[in-house]
Structures are given as C-alpha cells and as structure tokens.
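Examining the three-dimensional arrangement
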Amino acid sequence: MDAAESWGHADLVVLNSCTVTSAADEDLRHTVRRVHRENPDARILVTGCYAQRAPEEIAALPGVEWVVGNSDKTHIPDLVADELGHFHGQIHVHDIFAQHQFLSAPVEDAAGDRARPNLKIQDGCNNRCSFCVIPFVRGRSRSMPADQVIEQVRGLSRNYREVVLSGVNLGRWGREPGSTMRLVGLVKRMLDETPVERLRLSSVEPMDFSDELLGLMAESGRIAKHVHAPLQSGADTVLRRMHRKYRPRHYADRVQKARAWMPDAAVGADVMVGFPGETDAEFEETFQFIDSLPFTYLHVFTYSARPGTPAATAPGQVPMPIRKERNRRLRELAERKNLAFRKRFNGETLSVVTLGQGKMALSSNYLKVELVRESHDNVLRDVRIGGLTDQGLREFDPLRVL
Ligand code: SF4
C-alpha cells in the first residue's frame, strides 16, 4: 500500500477519532461527510475513542466501511488487507477493560511536527472523574515496559534534541501490580542510559508530582523546566463532585514547591468551567485560587456533557452563556499571567530547540521564541531575548537597536 498525497486521491482513508468533548465528536462527523463528498470512492475506516464509545453512530455515516475501536486497533492492517471482504462493513469493538497490555507502534519520527517527537509510554486510566469518558474508551492504566521506553528514547535521540513523554495519565506509569519502578525511576534511567538532550513531561496529575520527581526536574539540565498539572477547579466542593483525588490546598502545595525549586519554570493547568452545579461563588473561588498561584498559562475548557458519565445527568447544568463568560474571564486572567511571565525574560538568555517552522523555537520553559534568522530544525541552543511578540518572545537583534 502506498501513501496518497491527500484524501482526495486515496482509496482508503483512516480517521483516528477523539471523543473527549461533543465538539470532537462533531468534528469527526464533519470530516467523514467531507471526505465522502470529495472522494465518494474512498473506503473510510474510523478508529479511536469515538469509535470505541459509539460505533453504531459512526457506522451510520455515509462512506464508512469499518468502525474499529481502540480494543481492536492492532488488527487494522489485517482488516484493510482482506481482499475477499470478509470483514467488510463490520464493527470491530470489544471490551476495552479486557486489554492489559500496552500496545503501540514504535515511534521513529516527529510526525506532523518536524521536531519534538511525542512518545506515548502509558495508556488508559483507573480514575473515574465524573465528567470524563476516557476510562471507558481507553481502558485500564497500562505502561510501556521500561526497556522498550529506553530503547525508543535512545533511537529518537539520534535524530531529535527533545523528546516529549506522554500518556493518558502519565504519572501512573509503572503502577501496575508487581511493578516497583515509578515514573521518576524511569526518567532517571533515560538520563543515565540514553544520550537524550531534553526530555519534557507532557501532563502529570498533581499528586504524582512527588518531591522526588520535582527535585529531579529541578536539578537536571536535561529535563525541560515545565510543570503541567491538570487542576479542573479551584473550589473544594466542585473537586469533590468531580471525584478528583486532591483538594485545592494539596494542589497549591505541589505548584508552590515547583515554583520554589524552579523559579523560571512554565507552570500550566487544564481548567474546566461550567461543571454541573458550579455556582457563581464556586467559580469566583476558582478564579481567586488561580490568581493566587504562579501559573504561566492555562488551557481553559468549557464543560460538555459526555454520554454515560455521572456528570451528564447531574442536576444544575450551567447555561451555555454563563459557561462561555466564565471561560472568557479565565482566559483573560491566563493572558495577564502569561504576559507578566514573558516580560521577566526580556534581556535574559533561554535555552531553546528550533522547530523548523521558519524562525520559531521553543524554550525549555515552554515559550515560543521568534529567532532573528531562519534556522534548521532540531538545534538546541541558547538565545538572548530582546523583546516580546503577541504570544511569545523575540530573539535580541543588534540591528534592530542600531
Ligand atoms: S484522571 Fe484524567 S483521564 Fe483519568 S478519569 Fe480523570 S480526567 Fe479522565
């Protein structure tokens, strides 16, 4: 099978779906209709989380021949190679909770990104946050074996300066019964046994940022100074209804320690507004809580009901205009905090990896830096900062001041 230039020329189109919000579902349906309209002869296979959650819904869309859940993803090559059409038109979805092994294709390049490959080393989640559909479509927490992680990181370090470690619940890496190594031990092994120059942890639940992990991040020059810990809400009562495993004071303790030990680190969080029953007072509590902490950026999400989750049928669904207004206020707060953070680095030197998008680079502490000259991608270097751009920073350019 050869790769087509675009879906308009493809015989087979494979779409990997997300279902974390209703907007993600709508995007997938829209894409299927568009592919079918522009290339009615293409055979469409839909896989991923939406396929696992609602296969019949997807099978009913025009042009879809196969719906393959996460449970059956590894069979895709056999399904599409079946010339006799034994599998034609079938839905392939099985119990995701029966999946105990970590399955993934080896990662050899940075895919869409020309730098910074993303290495998924953990899948699934054993938590049950009341708004979240992920455990039902990704199954139980499972980890890539340590030796395989080391081998993959070693291979990626031959071509890339920075490797991003990711997972559905990354901090739970290695927590399966019988395993004694934790994420921090794995990261130490990567530093000891591979030449990787920069490792970045994508997102870790707050309580998994142990002192040991934060200490290692602070002391190693090869781990990006970047702490991303999902918060969701700063109100104790909302966190309880969400079935999150920490209270605001626990979260604050982790973030303040991260800041104390890494004064220049990026500190980010996912926050959800408009969770069922969220009152004005609870939202204000969240606002004040966030304002009091050293965040440098936020990902703000508007709550969207996911079928099958307890929150979807909970009383007190918040009207959409209120959800949107709360979202706007938090974004504004995040922008203010981000601007103050960026200003601190004017005149300072930051370590960056060039991104191969003209003149762009990304700093260890997660700031976009516009370089003076175009650069090859994948170069790790120090850059002196000479000013701010709309969203990031600008390299010092001696010609600009002459
Ligand atoms: S920890 Fe994250 S992935 Fe797991 S249930 Fe909660 S929100 Fe979903």
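With respect to the secondary-structure elements, Ala 23 resides in helix α1 (residues 22–38). Judged by the 11 C-beta atoms lying within 10 Å of it, Ala 23 falls in the exposed class. Expressed as a C-alpha distance, the spacing of Ala 23 and Ser 304, which sit 281 residues apart in the sequence, is 8.4 Å.

Moving on: α1. If you check α1, its first and last C-alpha atoms are 24 Å apart, about what 17 residues at 1.5 Å a residue would give, namely 24 Å. Burial in α1 covers these residues: Asp 25, Leu 28, Val 32 and Val 35. The buried residues of α1 occupy an angular sector of 95° when projected down its axis, which confines them to one face. Exposed residues pointing more than 90 degrees away from the buried face of α1 are listed as Ser 22, Ala 23, Glu 26, His 30, Arg 34, Arg 37 and Glu 38. Elements in contact with the buried residues of α1: β1 (12–17), β2 (43–48), α2 (49–53) and β3 (64–68).

Glancing now at the sheet that holds strand β16 (residues 393–395). Ordered by their spatial adjacency, five strands build a closed barrel running β12-β13-β14-β16-β15, and the pairing between neighbours is mixed. Between one strand axis and the next, the sheet turns through 55° on average, direction left out of account. Summarising the sheet, strand β13 (residues 360–363) and strand β14 (residues 368–370) pair through three bridges and their orientation is antiparallel. Looking at β14, one finds that Ala 361 is bridged to Val 369.

One can read the domain layout of the chain as domain 1 (7–94), domain 2 (118–343) and domain 3 (349–401). The straight-line distance from the C-alpha centre of domain 1 to that of domain 2 is 30 Å. Taken residue by residue, the interface counts nine residues in domain 1 and six residues in domain 2. Mapped by element, the contributors of at least two residues to the side of domain 1 that touches domain 2 are α1 and α2. Examining the composition of the side of domain 1 that touches domain 2, we find that three residues originate from one element, α2, more than from any other.

We now examine the environment of Leu 393. Mapped onto the fold, Leu 393 is located in strand β16. Put simply, Leu 393 and Val 187 are 206 residues apart on the chain and 30 Å apart in space, counted from C-alpha to C-alpha. In this view, Leu 393 contacts Arg 342, Phe 345, Leu 367, Val 369, Ile 385 and Leu 388; residues no more than four positions away in its chain are not counted.

Right, let's talk about the sheet that holds strand β6 (residues 142–143) for a bit. Pairing within the open sheet is mixed, and its four strands lie in the order β6-β5-β7-β8. Each edge of the open sheet carries a strand with a single partner, namely β6 and β8 (198–201). The sheet contacts of helix α6 (residues 146–157) involve β5 (118–123) and β7 (162–167), and relative to β5 the element is tilted by about 170°.

Let us now look at the packing of α6 against helix α7 (residues 183–193). As a packed pair, α6 and α7 sit with axes 10 Å apart at the nearest point and diverge in direction by 40°. The pairing of α6 with α7 is recorded here as oblique in orientation. Two packed elements cross with a definite hand, and for α6 against α7 that hand is right-handed. Taken together, the residues of α7 that come into contact with α6 (itself represented by Ala 146, Val 149, Ile 150 and Val 153) are Leu 186, Arg 189, Met 190 and Glu 193. A per-class count over the contact of α6 with α7 returns six nonpolar, no polar and two charged.

Another point: the pairing of β1. Summarising the sheet, β1 and β2 pair through six bridges and their orientation is parallel. Residue pairing in the sheet places Asn 16 in a bridge with Thr 47 of β2.

Next up on the list: the packing of α7 against helix α8 (residues 211–219). Put simply, α7 and α8 touch, their axes get as near as 9 Å, and they point 25° apart. In this view, α7 runs roughly parallel relative to α8, as classed from their interaxial angle. Helix-helix and strand crossings are classified by hand; for α7 and α8 the assignment is left-handed. For the pair α7 and α8, the contacting residues are Leu 183, Val 184, Val 187 and Lys 188 in the first and Glu 212, Leu 213 and Leu 216 in the second. Across the contact of α7 with α8, the residue classes break down as five nonpolar, no polar and two charged.

Conventions and cut-offs
Residues numbered from 1 in each chain as written. Predicted model: local features only at pLDDT ≥ 70, side-chain atom pairs only at ≥ 80, totals over all residues. Helix = DSSP H or I, 4+ residues; strand = E, 2+ residues; numbered from the N terminus. Buried ≥ 20, exposed ≤ 12 C-beta atoms within 10 Å, placed from the backbone. Expected span 1.5 Å × (residues − 1). Arc of directions from axis to C-beta. Contact = placed C-beta atoms within 7 Å. Pairing = 2+ DSSP bridges. Axes fitted to C-alpha atoms, helices over the stretch in contact; angles between N-to-C directions. Domains from an automatic or database assignment. Parallel < 35°, antiparallel > 145°, perpendicular 65-115°, else oblique. Left-handed = near helix turned anticlockwise from the far one by under 90°. Nonpolar A, V, L, I, M, F, W, Y, C, P; charged D, E, K, R; others polar.

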